[in-house]
Amino acid sequence: MAFPVDLRRCQILGLAGSAFLAAGGETAGALPVRDLLHPASARAVLGLVGVYFGLVLLIAAWALLGRLVRGPRPPAPRALMLVLAVWAAPLLLAPPLFSRDVYSYLAQGAMVDAHMDVYAHGPSRLGGPLADEVAPLWRHTGAPYGPVFLAVAAALSALTRGEVPAGLFGMRLVALAGVALMAAALPRLARHSGADPAAALWLGALNPLVLLHLVAGAHNDAVMLGLLGIGLVAALGRWPYLGAVLVTLAALVKAPAVLGLAAVVVLQVRAGRGTAKALVTTAVAAAGTTVAATAAAGTGYGWVGALNTPVSPQNWALTTLLGRATGALLEHLGSDLAPLAIPAWHALGVVAAGAAIVLIWLRLRPRPVYALGLSLAAVAALGPAIRPWYALWGLFLIAAAAPSASVRHRVAAVTGVLALCVLPSGGPADTGQLVLAVSGGALAVVVLWQAHQAELAPALGRAA
């Protein structure tokens, strides 16, 4: 007998999950330095268990909502947007979760506000409380972000006067605005692509990765994807020039969005414009927007060189893992080439991503939104660094344009795995923390199973 599912049940279960996430994050999250607890302290232990308890509840609620969306009477997009708002609400006032990147954003914004070269120097040049909050690995590294995001961060720094709590809340509101734009764009993109708008919202906006990393983590990927989404919507209509401007602004937050300009060109050609005219219009819009945005931000063109910002040697990107394995083998064989293994694999990854993008567009040019989603997924998968939220680059558009339910199911399965891959503190895990995380998740599974049995018992009694 199937577990009974309705929208209210999913809403309440997901709200409980995000509430446990927020509560657990108060002691186990990516807290300001002065509030950090020793991982073995009782409060930190309880917080970590609570975060993973809530995380499994949230994933379960999302999976049940997916069943409802695929059912005979799926909820309307407006109802799903309300669910997103309810699930996100407890996370708004929670500390940062799953990453300390938001502290880097605040420090970089303060540097721009103080007229420092944020591309030539890391937050250590700023000094003070904000620099102390940045992860040690990135204190001496220039910003890898474009002038649009840095201008937003600088404005927020001026508004909050460098106060960390106010800055964190402001940066989360910026990310939430990006998520709102994503949710607004998804139904329109889905209709254009012949996909179900409700299914697109379920996979692309209510996804646990969105809540964990764009809302709770306040990552600027939300701004990039929001601008990219509404830019594509504009290009679908009668505003291809505006579409090119918005997509360029997205790329001036984070560079991968520049691939969206190819979709803008294809959409113009499909609307009846000549290929040459579409290319020129898009190029002029992109160039003008880049010059204007860079001048307005006052950061100069250092962001071009920042595209080569070094990545952590301990990240778990495919090319990095292969590079480390190859380097270890060469070292074992006594070869002097061992130090070149990781750079060589990174270069091969870039070439492979480029080749994949060309093949994708040659095959899927009639479906530009889907082609763009797969292209961004290839960039994330084959790039020199990867984090769980990078999966959202491609997932957002694949959700809007997936050609079949089976594609969405496979993407959803990957989402469930990635959602469990990072500790709420954003740091590396030791054995004890892994045990606590598994314990919290297992406890949630037991509670869900007991609830399932309690729901079935009356029905079985009536059937008997």
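Quick word on the overall build of the protein
Inference 1: Across its full length, the protein holds 20 helices and zero strands.
Inference 2: Taking 464 residues into account, the globule formula puts the C-alpha radius of gyration at 23 Å, and the protein, at 23 Å, falls close to it.
Inference 3: When the backbone C-alpha atoms are referred to their principal axes, the protein occupies close to 70 × 55 × 55 Å.
Inference 4: Buried positions account for 52% of the 464 residues belonging to the protein.
Inference 5: For the protein, the exposed surface amounts to about 20100 Å²; the carbon and sulfur share of it is 68%.

Here's the deal with the nonpolar core
Inference 1: Leu-65, Trp-87, Leu-189, Leu-228 and Leu-397 are the most contacted members of the largest nonpolar core, which has 141 residues in total.
Inference 2: The biggest single contributor to this core is helix 2 (residues 42–69), with 16 residues.
Inference 3: For Trp-87, the residues in contact, after removing those within four places along its chain, are Cys-10, Gln-11, Gly-14, Leu-15, Ser-18, Leu-58, Ala-61, Trp-62, Leu-65, Leu-206 and Leu-211.

Some details on the side chain of Arg-408
Inference 1: Here Arg-408 shows up in helix 19 (residues 405–418).
Inference 2: Beyond its immediate chain neighbours, meaning those up to four positions away, Arg-408 contacts Ala-199, Leu-203 and Ala-402.

Some remarks on the pattern of salt bridges
Inference 1: Taken as a whole and assessed by the stated rule, the structure comprises three salt bridges.
Inference 2: Across the pair Glu-133 and Arg-100 runs a salt bridge whose closest N-O atoms are separated by 3.2 Å. Here Glu-133 is found in helix 5 (residues 128–133), whereas its partner Arg-100 is found in the loop between helix 3 (77–88) and helix 4 (101–113), with 33 residues between them in sequence.
Inference 3: We classify Arg-100 as buried; its relative accessible area is 17%.

Here we look at the packing of aromatic side chains
Inference 1: Taken as a whole and judged by the stated rule, the model has seven aromatic pairs.
Inference 2: Between Trp-62 and Trp-202, the ring centres sit 4.5 Å apart and the planes meet at 10 degrees, which makes this aromatic pair stacked. In this pair, Trp-62 sits in helix 2 while Trp-202 sits in helix 8 (residues 197–204), placing the two residues 140 residues apart along the sequence.
Inference 3: Aromatic pair Tyr-105 and Phe-149: ring centres 4.9 Å apart, planes at 75 degrees, arrangement edge-to-face. Linking Tyr-105 in helix 4 with Phe-149 in helix 6 (residues 147–160), this pair joins segments that are 44 residues apart in sequence.
Inference 4: With a relative accessible area of 2%, Phe-149 lands in the buried category.

Points about helix 7 (residues 164–193)
Inference 1: Helix length check: helix 7 (30 residues) gives 42 Å between terminal C-alpha atoms against 44 Å at 1.5 Å per residue, within 8%.
Inference 2: The sharpest bend along helix 7 reaches about 30 degrees and sits at Leu-186, with the proline Pro-187 one to four residues further on.
Inference 3: Two residues or fewer after helix 7 comes Gly-194, characterised by a positive phi angle close to 75 degrees.

Quick notes on a nonpolar patch on the surface
Inference 1: Taken together, the side chains of Leu-93, Phe-169 and Leu-173 define a hydrophobic patch exposed on the protein surface, amounting to about 310 Å² of accessible area.
Inference 2: Tracing the sequence through the fold places Leu-173 in helix 7.

As for the environment of Ala-251
Inference 1: Mapped onto the fold, Ala-251 is located in helix 11 (residues 240–251).
Inference 2: With a relative accessible area of 14%, Ala-251 lands in the buried category.
Inference 3: Remark: the alpha-carbon pair of Ala-251 and Arg-100, spanning 151 residues in sequence, is separated by 22 Å.
Inference 4: Excluding residues that lie within four positions of it along the chain, Ala-251 makes contacts with Ala-257 and Val-258.

What to know about helix 15 (residues 318–332)
Note: α-helices contain 3.6 residues per turn, so residues at a spacing of three or four share the same orientation.
Inference 1: Compared with the 21 Å implied by 1.5 Å per residue over 15 residues, the 21 Å span of helix 15 between its first and last C-alpha is a close match.
Inference 2: Residues of helix 15 that are buried include every one of Thr-319, Thr-320, Gly-323 and Gly-327, and no others. Along the axis of helix 15, the buried residues cluster in a sector spanning 95 degrees; they form a single face.
Inference 3: Along its buried surface, helix 15 packs onto helix 16 (341–364) and helix 17 (368–382).

Description of the packing of helix 18 (residues 391–401) against helix 19
Inference 1: Between helix 18 and helix 19, the least distance of the axes is 11 Å, while the angle of their chain directions is 150 degrees. It follows from the interaxial angle that helix 18 and helix 19 lie roughly antiparallel. Every pair of crossing elements has a handedness; the one defined by helix 18 and helix 19 is left-handed. Residues Ala-391, Leu-395 and Ile-398 of helix 18 lie in contact with helix 19, whose contacting residues are Val-407, Val-411, Thr-415 and Leu-418.

Brief notes about the packing of helix 1 (residues 7–28) against helix 2
Packed helix pairs are characterised by how far apart their axes lie and by the angle those axes make with each other.
Inference 1: Between helix 1 and helix 2, the least distance of the axes is 7 Å, while the angle of their chain directions is 160 degrees. As the angle between them shows, helix 1 and helix 2 are arranged roughly antiparallel. Like other packed secondary-structure pairs, helix 1 and helix 2 cross with a definite hand, here left-handed.

Side note on unusual backbone geometry
Inference 1: In this structure, His-115 is a non-glycine residue whose phi angle is positive, near 65 degrees.
Inference 2: If you check the backbone angles, Ala-218 has positive phi at about 55 degrees while not being a glycine.
Inference 3: With respect to the element layout, Ala-218 can be found in the loop between helix 9 (208–215) and helix 10 (221–236).
Inference 4: Look at Ala-218 and you get buried, because its relative accessible area is 4%.

Reading the values: the criteria
- Residues numbered from 1 in each chain as written.
- Predicted model: local features only at pLDDT ≥ 70, side-chain atom pairs only at ≥ 80, totals over all residues.
- Heavy atoms only, no water.
- Helix = DSSP H or I, 4+ residues; strand = E, 2+ residues; numbered from the N terminus.
- Rg over C-alpha atoms; globule rule 2.2 N^0.38 Å.
- Buried < 20%, exposed > 50% of the residue type's maximum accessible area, 1.4 Å probe, protein only.
- Areas by Shrake-Rupley, 256 points an atom, 1.4 Å probe, with all protein chains shown as cover.
- Core = buried A, V, L, I, M, F, W, Y, C linked by side-chain atoms within 4.5 Å.
- Contact = heavy atoms within 4.5 Å.
- Salt bridge = Lys/Arg side-chain N within 4 Å of Asp/Glu carboxyl O.
- Phe/Tyr/Trp six-rings, centres within 6.5 Å; stacked < 30°, edge-to-face > 60°.
- Expected span 1.5 Å × (residues − 1).
- Bend = angle between axes of the 7 residues up to and from the residue.
- Patch = residues over 30% accessible without salt bridge, like charges linked within 9 Å, V, L, I, M, F, W, Y side chains within 5 Å.
- Arc of directions from axis to C-beta.
- Axes fitted to C-alpha atoms, helices over the stretch in contact; angles between N-to-C directions.
- Parallel < 35°, antiparallel > 145°, perpendicular 65-115°, else oblique.
- Left-handed = near helix turned anticlockwise from the far one by under 90°.

Any functional reading would require information beyond the geometric quantities listed.
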